Amino acid sequence: MACLTKGVSGLIFPVLTILPYLLLRRDLRALRKMELLPGALIFVLLALSWYLYAYYQIGVSDAQNIFMKDIWHKVLPKEPGSPFYQYAVQLFAHFFPWSLFLPALAIYIGTKKGKGERERSLFLLCWVIANLFFFSLLGAKRNEYILPLYPALAMLTAQTWERFLTDKKDSLLKKMTLGGIYVFAFSAIGAGLFGAVFSLIEYPEDLLWNGLFGLLLVIGGVTILFFAKRRQYVAFFPVTAIVVMGFIYTFTSHIAPTYLKYTTPNEFCAKVAERVQSADELISFRCRDEFIINELDRRGLSFPVLIGGAAINPRFGKRILLTEAGHYYEPGVFYCKDAFEGLS
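Note that the coordinates shown come from a computational prediction; the quantities given were computed from them, not determined experimentally.

Draft legend 1. Spatial organisation of the overall build of the protein. Within the protein, the regular secondary structure consists of 14 helices and two strands. The 344 residues of the protein split such that 31% are buried. Long-range contacts, defined as pairs at least 24 residues apart, comprise 74% of the intrachain contacts of the protein with a sequence gap of at least 6.

Below, the structure written as structure tokens:
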């Protein structure tokens, strides 16, 4: 599936995981047991059939444009890309609260016991480190590019917690894991109290939403401290799950729709405002194009729709122009290679 959507770049994760692992184990002979030739033939037949059909549907010129924009320019962008360390920062933020246990994970890796335990950890480390380093070198960086790293990090964190729960010694790993537990608990309490006060001052109309979520954070933090004091550390998992689900629900149902609408870039807004002679705020919503066309038609709104992007082509625009009601959307759907072409 990765190769069907991103071409040969879909091979990056498995190759950068397996090859370093075999090299570090000095076991490249294992490649002979993988029956690579039959597998490669099956892979090429499946992938090639898809790409031949795609080329036939959109044409060679559009296919080359997609390849250059969606693959090549993301590896070697025309303009300076994001800093090398960006993925490391994002990884810590998006893996939270489990990223609080990364110091304990590092200690666990340095004190592994048993050959089987070392080999399991080595494979997972190759999975994370080699791919994180490679994608950090790329100019274009998007959060979804490193999504395959999180399962490996989750398994390494689980191994760390297993050692923490079963090892009775007062080790450095135990102290670092407890440190992560207490940091999360006090952070939740602090965020709950500060958030409620901040909401009361800045957003009094949303005090109910933010107050309830703040109460959930405080109760969650106090509950974690209560069980940690009694060394019932397993309780950390269900309590944290409830707190995180409460955050996700509050964020998606209230915070994001109310405060975090994505505003188009200022330069683009200025050009559009100049064209349509309007100074109103311009908002860009991420929805399926077909949904937008049918919803505009259903409501009787007459707005022309501009579409574009690496995965969009003129044929797609012609297809969504036909509404579910069986007639064409009269204001029109216009294909643009980039945002500014729609203004020309």
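Draft legend 2. Highlighting the nonpolar core. Residues F135 and I181 are the most contacted members of the largest nonpolar core, which totals 41 residues. Sorting the residues of this core by element identifies α2 (12–25), α5 (86–94), α6 (102–110), α7 (115–137), α8 (149–166), α9 (172–202), α10 (207–229) and α11 (236–259) as the ones contributing at least two each. Ranked by residues supplied to this core, first place goes to α8 with seven residues. If near-sequence neighbours (up to four positions away) are discounted, F135 is found in contact with I12, F13, Y87, K141, Y145 and I146. I307, I320, Y329 and V333 belong to the second-largest nonpolar core, a separate cluster that totals eight residues.

Draft legend 3. Structural detail: the packing of α9 against α10. Put simply, α9 and α10 touch, their axes get as near as 8 Å, and they point 160° apart. Classified by the angle their axes make, α9 and α10 are roughly antiparallel. Both α9 and α10 take part in a crossing whose hand is left-handed. Considering only residue class, the contact of α9 with α10 consists of 18 nonpolar, five polar and no charged.

Draft legend 4. A look at the packing of aromatic side chains. Enumeration over the complete set of coordinates arrives at 20 aromatic pairs. Centroid distance F101 to F236: 5.6 Å. Interplanar angle 90°. Geometry classified as edge-to-face. Within this pair, whereas F101 is found in the loop between α5 and α6, its partner F236 is found in helix α11, the two being separated by 135 residues in sequence. In this pair, the class of F101 matches that of F236, namely buried. On the numbers, 5.7 Å between centres and 75° between planes, the contact of F184 with F236 is edge-to-face. Taken together, the residues F184 in helix α9 and F236 in helix α11 connect sequence positions 52 residues apart. Taken as a pair, F184 and F236 share a single burial class, namely buried. These aromatic residues form a ring-pair network of at least three members: F96, W98, F101, W161, F164, F184, Y233, F236 and F237.

Draft legend 5. Representation of the confidence of the model for the protein within the structure. Residues at a pLDDT of 70 or more form 75% of the protein, whose mean pLDDT is 77. Between the elements of the protein, mean pLDDT differs from a low of 57, seen in helix α12 (residues 266–276), to a high of 90, seen in α8. Note on residues 281–287: pLDDT is under 50 here. Beyond four places in sequence and across chains, it has twelve contacts.

Draft legend 6. Structural context of the side chain of T157. Along the polypeptide, T157 turns up in helix α8. In terms of polar contacts, T157 uses its side chain to reach the backbone carbonyl oxygen of L153, at 2.8 Å. If near-sequence neighbours (up to four positions away) are discounted, T157 is found in contact with F95, W98 and L105.

Calculation rules
Residues numbered from 1 in each chain as written. Predicted model: local features only at pLDDT ≥ 70, side-chain atom pairs only at ≥ 80, totals over all residues. Heavy atoms only, no water. Helix = DSSP H or I, 4+ residues; strand = E, 2+ residues; numbered from the N terminus. Buried < 20%, exposed > 50% of the residue type's maximum accessible area, 1.4 Å probe, protein only. Contact = heavy atoms within 4.5 Å. Core = buried A, V, L, I, M, F, W, Y, C linked by side-chain atoms within 4.5 Å. Axes fitted to C-alpha atoms, helices over the stretch in contact; angles between N-to-C directions. Parallel < 35°, antiparallel > 145°, perpendicular 65-115°, else oblique. Left-handed = near helix turned anticlockwise from the far one by under 90°. Nonpolar A, V, L, I, M, F, W, Y, C, P; charged D, E, K, R; others polar. Phe/Tyr/Trp six-rings, centres within 6.5 Å; stacked < 30°, edge-to-face > 60°. pLDDT = per-residue confidence, 0-100. Polar contact = N/O pair within 3.5 Å; in protein donor to acceptor, adjacent residues only side chain to side chain.

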